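Below are the chains, spelled out letter by letter.
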Amino acid sequence: MGKTLFEKIWAKHMVRELSDGLSLLYIDRHLVHEVTSPQAFDGLRLAGRKIRVPELAFATMDHNVPTTEDRLDIKDPISRNQVEALKKNCEDFGVKLFGLGDEHQGIVHVIGPELGITLPGLTIVCGDSHTSTHGAFGALAFGIGTSEVEHVLVTQTLVQQKPRTYKVEFTGRLAPHVFSKDMVLKLIGTIGTAGGAGHVFEYCGEAVRSLSMEARMSICNMSIEAGARAGMIAPDDTTLDYITRQERLYAPKREELERARAYWQTLPSDGDAEFDQTLTIDAGSIVPQVTWGTNPEMVMDIDQPVPAPDSATGYSRTDVENALAYMGLEPGVKLTDVDVEVVFIGSCTNSRIEDLRRAAAILDGRKKADHVQLLVVPGSHQVRLQAEAEGLDWIFKAAGAEWRYAGCSMCLGMNPDQLLPQQRCASTSNRNFEGRQGKGGRTHLVNPEMAAAAAVAGKFVDIRKWPDI
Amino acid sequence: MKPFTTHTGIVATLNRANVDTDAIIPKQFLKSIKRTGYGPNAFFDWRYTPDGDPEMSFELNQPRFEGRSILVTRNNFGCGSSREHAVWALVQDGYRVIIAPRKEAGDQRLPAFADIFRINATKNGLLVVEFSENEVNAIFNLVNTHTGLQAAVDLEKQQVEFQGALPTIYHFDIEPRTKEQLIKGLDDIEQTLLYEADITRFEEEYDLFTL
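Because the structure is a prediction, the values reported are computed rather than measured.

What counts, and at which threshold
Residues numbered from 1 in each chain as written. Chains lettered and ligands numbered in written order. Predicted model: local features only at pLDDT ≥ 70, side-chain atom pairs only at ≥ 80, totals over all residues. Heavy atoms only, no water. Helix = DSSP H or I, 4+ residues; strand = E, 2+ residues; numbered from the N terminus. Rg over C-alpha atoms; globule rule 2.2 N^0.38 Å. Contact = heavy atoms within 4.5 Å. Areas by Shrake-Rupley, 256 points an atom, 1.4 Å probe, with all protein chains shown as cover. Lys, Arg positive; Asp, Glu negative; His and termini not counted. Charge placed at Lys NZ, Arg CZ, Asp CG, Glu CD. Buried < 20%, exposed > 50% of the residue type's maximum accessible area, 1.4 Å probe, protein only. Pairing = 2+ DSSP bridges. Axes fitted to C-alpha atoms, helices over the stretch in contact; angles between N-to-C directions. Buried area = accessible area lost by both parts, 1.4 Å probe. Salt bridge = Lys/Arg side-chain N within 4 Å of Asp/Glu carboxyl O. Polar contact = N/O pair within 3.5 Å; in protein donor to acceptor, adjacent residues only side chain to side chain. Nonpolar A, V, L, I, M, F, W, Y, C, P; charged D, E, K, R; others polar.

**Q** Tell me about the overall build of chain A, and please be specific about residues and values.
**A** Helix and strand content of chain A: 15 helices and 19 strands. Computed over the C-alpha atoms, the radius of gyration of chain A is 21 Å, within 12% of the 23 Å expected from 2.2 N^0.38 for a compact globule of 469 residues. Overall, the C-alpha framework of chain A stretches about 55 × 55 × 45 Å when taken along its three principal axes. In chain A, the share of contacts with a sequence separation of at least 24, taken over all contacts with a separation of at least 6, comes to 76%. Per element, the accessible surface of chain A, about 15,100 Å² overall, is 48% carbon and sulfur. With 49 positive and 62 negative side-chain charges, chain A shows a spacing of 2 Å between the two charge centroids.

Put into structure tokens, the structure is as follows:
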């Protein structure tokens with residue numbers, strides 16, 4: 001029987017099998033950020049340990065950092081302390097750091113691919129659940145806790161239970177104005193926030209093949225919102241083109257690239273490989289999605305009404321009541337009749353150059369509604385520079401947007417970018433949990449065009465009808 | 001790590017599915033570079049009023065749950081962010097055991113706990129116990145009808161005994177390795193370093209770009 005992409009990578013990285021179906025797995029790349037690493041470095045100090053292979057760890061600052069012009073001067077002393085702790089830890093232990101002010105600083109899941117740190121066939125971990133993003137390259141990439149961060153630093157391995165495999169096939173082609181973001185929201189709405197638990201997704205099918213790397217990353221990014229540790233897409237010409245089309249510091253070059261290319265071609269799942277679960281979704285029938293509740297499975301087509309506690313299948317009545325109360329929504333309301341006060345375009349889900357281009361295309365020659373605050377936060381400093389080279393920053397600023405510097409920003413509001421209680425936000429991020437973007441804030445997850453259009457209209461928009469709304 | 005063998009304590013309920021780690025410990029508390037000090041901030045947004053007083057409508061603030069150390073909740077507890085701070089907060093707020101249901105719905109199996117949360121819990125000596133949905137419903141009923149209900153958890157015997165009018169015993173499954181780790185309070189990194197020779201041999205033969 002053939003092997004899946006996942007099984008090939010798993011087998012290659014197996015240092016040894018342990019009892020109970022557990023494996024000791026070798027880790028190729030360890031991405032580090034300021035929030036989930038300080039306690040791990042302290043653990044090393046306490047035990048008098050060193051990092052086994054410091055060259056395989058790469059650090060950046062993203063969660064805490066301000067995104068405003070004066071960002072280098074962090075006002076919040078606790079945030080500053082955490083950022084400074086990372087700097088010291090990287091110096092003390094010999095880890096490469098792309099710190100605040102560095103030309104390659106940015107959201108860890110944006111800079112990994114940009115720098116060629118993320119490559120097909122690798123095992124990649126980070127103390128961050130959205131590490132699943134890197135699976136878009138055909139890597140096995142998953143989030144870990146701080147104890148596991150320390151474990152990887154010391155041993156360059158992890159003890160892992162082998163996950164099961166789950167094939168998610170998107171047939172057909174996407175309709176105009178429908179994004180990969182809508183594909184993954186549709187998936188989460190279909191199987192639920194725990195539907196992928198214990199599994200690794202492999203996304204395939206015509207609709208996936210035709211996506212750019214940026215769009216593939218948005219899908220893999222949100223695998224964790226369906227409970228899966230990881231999501232993967234087999235490497236192909238699109239992947240190779242992304243890796244080689246520009247200088248990427250850590251990507252293989254010349255003879256090494258030729259060798260790598262030959263290896264990467266062996267990675268896609270064999271034709272007769274079997275998956276533990278499979279699901280097929282007709283991509284052509286997907287319409288733009290919007291979340292109505294307080295987790296990503298509480299999602300619907302933009303033209304549908306907000307469900308009632310009795311009619312929402314798959315939820316307990318209390319969960320729907322709690323969600324609607326928190327969101328300040330009545331059953332039966334259409335979100336196209338609901339005002340938004342803040343629009344956030346950014347996060348490791350949708351802050352790459354392609355996302356900004358498509359948001360800019362909507363905003364070009366238009367202005368945001370007066371009552372809306374519009375934040376555009378590029379995922380990395382390189383994305384910011386690219387956007388400026390293309391003149392996108394002028395479009396954003398002319399539309400009344402705040403054009404920011406790179407960071408996680410309002411996706412989780414660890415920096416000053418936060419929602420106020422009861423503010424309603426159309427957000428291109430990945431989590432609509434209670435309080436996620438600020439205590440009491442109301443998050444609706446949408447694709448980048450839907451977010452941009454909501455800023456102009458001042459309420460949610462069915463982007464398929466744009467600009468004739 | 002503090003070993004876990006047996007534990008007896010008051011049982012509290014949190015009747016919500018999909019409790020995410022943002023709710024267990026909100027972002028503002030992740031700025032600390034320490035492993036301690038998270039306990040009072042567990043469930044912060046639900047637990048306190050904007051003035052910082054206890055929010056009395058929050059289930060876990062009921063006086064009958066005073067001194068609780070065992071939490072019974074609904075499925076997919078600990079989903080979302082990988083932040084281990086969520087486990088630190090629960091442990092430091094006095095929880096030793098979390099109980100949740102695995103739910104079978106058609107061909108779908110909904111887990112009691114999210115994958116990363118489960119791993120983080122074990123590494124901090126927090127026992128996570130899965131029961132069937134019916135069993136968890138019965139436990140919710142027991143807690144609601146017996147003020148100050150206590151339970152005795154015995155990891156060796158893999159059982160929880162609820163001390164209501166009639167003692168009720170439920171048994172749970174646990175992976176042998178996890179069980180051993182908890183009972184002995186083993187340090188994970190030390191365990192892996194026993195295989196250091198294997199890691200070195202692997203590295204010597206390893207090539208990133210060949211199968």
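**Q** Run through the pairing of strand 7 (residues 140-143) of chain A, naming residues and quoting values.
**A** All names here are of chain A. Side chains Leu140 and Phe142 project from strand 7 onto one buried face, and the interleaved Ala141 and Gly143 project onto a second face that is buried too. With four bridges connecting them, strand 6 (residues 123-126) and strand 7 associate as parallel partners. Bridging across to strand 7, cysteine 126 finds its partner in glycine 143.

**Q** Describe the sheet that holds strand 2 (residues 22-26) of chain A, with residues and values.
**A** All names here are of chain A. The three strands are arranged 1-2-8 in an open sheet whose pairing can be described as antiparallel. Since the sheet does not close on itself, it has two edges, and those belong to strand 1 (14-17) and strand 8 (157-161), each with one partner. Strand-to-strand twist across the sheet, computed as the mean angle between neighbouring axes with direction ignored, equals 25 degrees. The sheet contact formed by strand 1 and strand 2 spans three bridges and is antiparallel. What sits directly across from glutamate 17, in strand 2, is serine 23.

**Q** Hey, could you go over helix 12 (residues 353-363) of chain A for me, with residue numbers and the actual values?
**A** Residue pairs spaced three or four apart in an α-helix point in one direction, given the helix's 3.6 residues per turn. Across the 11 residues of helix 12 of chain A, eight count as buried, placing the element largely inside the fold. Residues of helix 12 of chain A that are buried: Ile353, Glu354, Asp355, Leu356, Ala359, Ala360, Ile362 and Leu363 of chain A.

**Q** Please set out the interface of chain A and chain B residue by residue, giving values where relevant.
**A** One frequently used descriptor of interface size is the decrease in accessible area upon assembly of the parts. Each side of the interface is counted separately: chain A has 80 residues, and chain B has 55 residues. Regarding the contact of chain A and chain B, the summed buried area is about 5,700 Å², with carbon and sulfur atoms giving 54% of it. Of all residues in chain A, Lys12, Gln39 and Arg52 of chain A give up the largest surface area on contact with chain B, accounting jointly for 11% of the area buried on that side. Remark: the boundary between chain A and chain B carries eight salt bridges. Measuring nitrogen to oxygen at the nearest pair gives 2.9 Å for the salt bridge that ties glutamate 203 of chain B to arginine 52 of chain A. The tally of links between chain A and chain B comes to 36 residue pairs in polar contact (both at pLDDT 80 or more). For the side of chain A that touches chain B, the element with the highest residue contribution is helix 5 (residues 146-155) of chain A, accounting for seven residues. Of the residues assigned to the side of chain A that touches chain B, the class counts are 27 nonpolar, 31 polar and 22 charged.

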